[in-house]
Amino acid sequence: MSTATTEARALDHGLPPARYARGWHCLGLADTFRDGKPHRVEAFERKLVVWADSEGKLNALDGYCRHMGGDLTQGEVKGDQIACPFHDWRWGGDGKCKEIPYARRVPMRARTVRFETAERNGQLFIWHDPEGSAADLDILPPEIPDVLTDAYTPWSWHTKEINGSHCRELIDNVADMAHFYYVHFAFPTSFRNVFEGHTATQYMSSKGRPDMGSGGYGDENSTLKSVATYYGPAYMINWLEVDYKGYVTEVILINCHLPTSQSSFTLQYGIAVKKPEGLDEKTVNYIAERYTESFGTGFLQDVAIWENKAPVQNPLLCEEDGPVYQLRRWYEQFYVDQAEIKPEMVDRFEFEVDTTKANEYWQAEVAENLRRRAEEGSTADAEAAATADA
Amino acid sequence: MGAFTPTRQETIEDQKLYLDGRLREIACLDCLAKVKVKKNSEHHTAVQWSDEALGHCTEFARLSGQPGGRPVYESCPRLMASIDRAVTEGELEVGAEDGY
């Protein structure tokens, strides 16, 4: 045993950033905004209005009219424009006021805050940059081949408000090997991270813990191969290959978020399952529902931790942990001006976690849990038998 | 680092320790790339590339030329072999120090 004494370690909660990340942020499934109505979206401590013009192109503006502050999300779509419910000022997707029906002319300065939009994989994205740069189309998340075709089930899309946490808590998971055992009930048998440019990736193989019942990562009958990449600060594509009793299914899980304040965010996740060949529609839908349910459970497991934990700017690590400091250094690039991005924030970094010791310990712990449960079970059986005899 | 501000001086020291501590420069035996490496155990490896090193890597250049570009997950096998060699030759020490 070590005789060295050190001082008690302080938790540095740190100070949250004074801005929101630069990059593409996903607002949800594009078609849900195409119902001819204005939609309200909370993001970046703002209210945004999103609507489709007559050609179906989606637009996003600040939600308050620059005239007298009317709430555009309660307005009406008129032609290509969003009309304010207060005085009917008409705003175009380019951020300019196009018409004031009761006025001789529109003031030249009638411009509002506009967010450039793009669509990928059937989802709507907006570009956010506190510096006001033009949208960088080169770093839009990639198109996922065939995902919008009949080869996959349609996106099953879900939204959850998270309060009391900065969205960096969610990002930290990318480098967090051990939480998969404790929070998601799976053995992460191999774990690797690569950060490069605007992407951060986690490669993981895992298998479910047999002592925790079924659901999510924790089903004892399933092994997972997972590749999960953040494209920018807020949108992750997770390619999953789930082997359930020898039956392999490809699942795509989208994990994205919109920061709503420095201590809250809206988590969104979507699931599409590659339809296994030779199965009827009903079975395919059943499988898709099960995966949606189980990965949804996985997020709720994280949420319970986030809602109660403290922010930590100085995590204390052991050698089995992933590269959380390097991940945060990568994430930092989205919170500084483009001119201030340091090479080390975007330089390629590879990290292979040694999971050997952890898995040895975990296997033993699970075996002990199962043994104890069997013993309790047989004691309970004996007691039941004794009671029946009496 | 700017955006998430530590409130304790010791945190800056921690950041240096976890980000740069014990990183050792390893030269690729096949090209001019030099990277910084740390090995906490036989299976663990951390590799810090620089833009310059990426530019020198012939394997990555070859992968970049294929359709769809270089898959980001691929390690450079030549560099990995060079790291193994550095371990065998005793140039790169294997072992962790108090979790970093």
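Conventions and cut-offs
Residues numbered from 1 in each chain as written. Chains lettered and ligands numbered in written order. Predicted model: local features only at pLDDT ≥ 70, side-chain atom pairs only at ≥ 80, totals over all residues. Heavy atoms only, no water. Pairing = 2+ DSSP bridges. Helix = DSSP H or I, 4+ residues; strand = E, 2+ residues; numbered from the N terminus. Salt bridge = Lys/Arg side-chain N within 4 Å of Asp/Glu carboxyl O. Buried < 20%, exposed > 50% of the residue type's maximum accessible area, 1.4 Å probe, protein only. Contact = heavy atoms within 4.5 Å. Disulfide = S-S within 2.5 Å.

A.B. asks: Tell me what's going on with the sheet that holds strand β4 (residues 58-62) of chain A, and back it up with residues and numbers.
C.D. replies: Residue and element names in this part refer to chain A. The four strands are arranged β2-β3-β4-β9 in an open sheet whose pairing can be described as antiparallel. The sheet is open, and its two borders are formed by β2 (39-43) and β9 (114-115), each paired with just one other strand. By the bridge criterion, five bridges tie β2 to strand β3 (residues 46-52) in an arrangement that is antiparallel. Counted as the bridge partner of V41 is L48 from β3.

A.B. asks: Which residues make up the pattern of salt bridges, and what values go with them?
C.D. replies: Tallying each qualifying case throughout the model produces 32 salt bridges over all chains. Here A:K78 makes a salt bridge to A:D88, at a shortest N to O gap of 2.7 Å. Here the residue A:K78 occupies a position in strand β5 (residues 76-78), and A:D88 occupies one in the loop between β6 (81-83) and β7 (90-91), the gap between them amounting to 10 residues. When its relative accessible area of 26% is taken as the criterion, A:K78 is described as partly exposed. Measuring nitrogen to oxygen at the nearest pair gives 3.8 Å for the salt bridge that ties A:K275 to A:E281. Its relative accessible area of 18% is what places A:K275 among the buried residues. In this structure, a network of salt bridges that share partners links the residues A:R192, A:E196, A:R348, A:E350, A:E352 and B:R70.

A.B. asks: Mind laying out the side chain of A:T112, listing which residues take part and the relevant values?
C.D. replies: Residue and element names in this part refer to chain A. Following the sequence through the fold, T112 ends up in the loop between β8 (97-99) and β9. The exposure class of T112 is buried, given its relative accessible area of 11%. The contact partners of T112, leaving out residues within four places of it in the chain, are L61, D62, Y64, R66, W91 and G95.

A.B. asks: Now, about the environment of A:F295: what can you tell me, with residues and values included?
C.D. replies: Residues and elements named next belong to chain A. Relative to the helices and strands, F295 is located in helix α3 (residues 281-306). Among the residues examined, F295 registers a relative accessible area of 4% and is labelled buried. Considering only alpha carbons, one finds F295 and H184, 111 residues apart in sequence, at a separation of 9.8 Å.

A.B. asks: Go over the state of the cysteines, please, and point to the residues and values.
C.D. replies: Enumeration over the complete set of coordinates arrives at zero disulfides over all chains. Unpaired in this structure, A:C84 has its nearest cysteine sulfur neighbour in A:C65, at a distance of 4.1 Å. You can see B:C76 has no disulfide; the closest cysteine sulfur is in B:C57, sitting 3.8 Å from it. Judged by relative accessible area, which is 2%, B:C76 ranks as buried.

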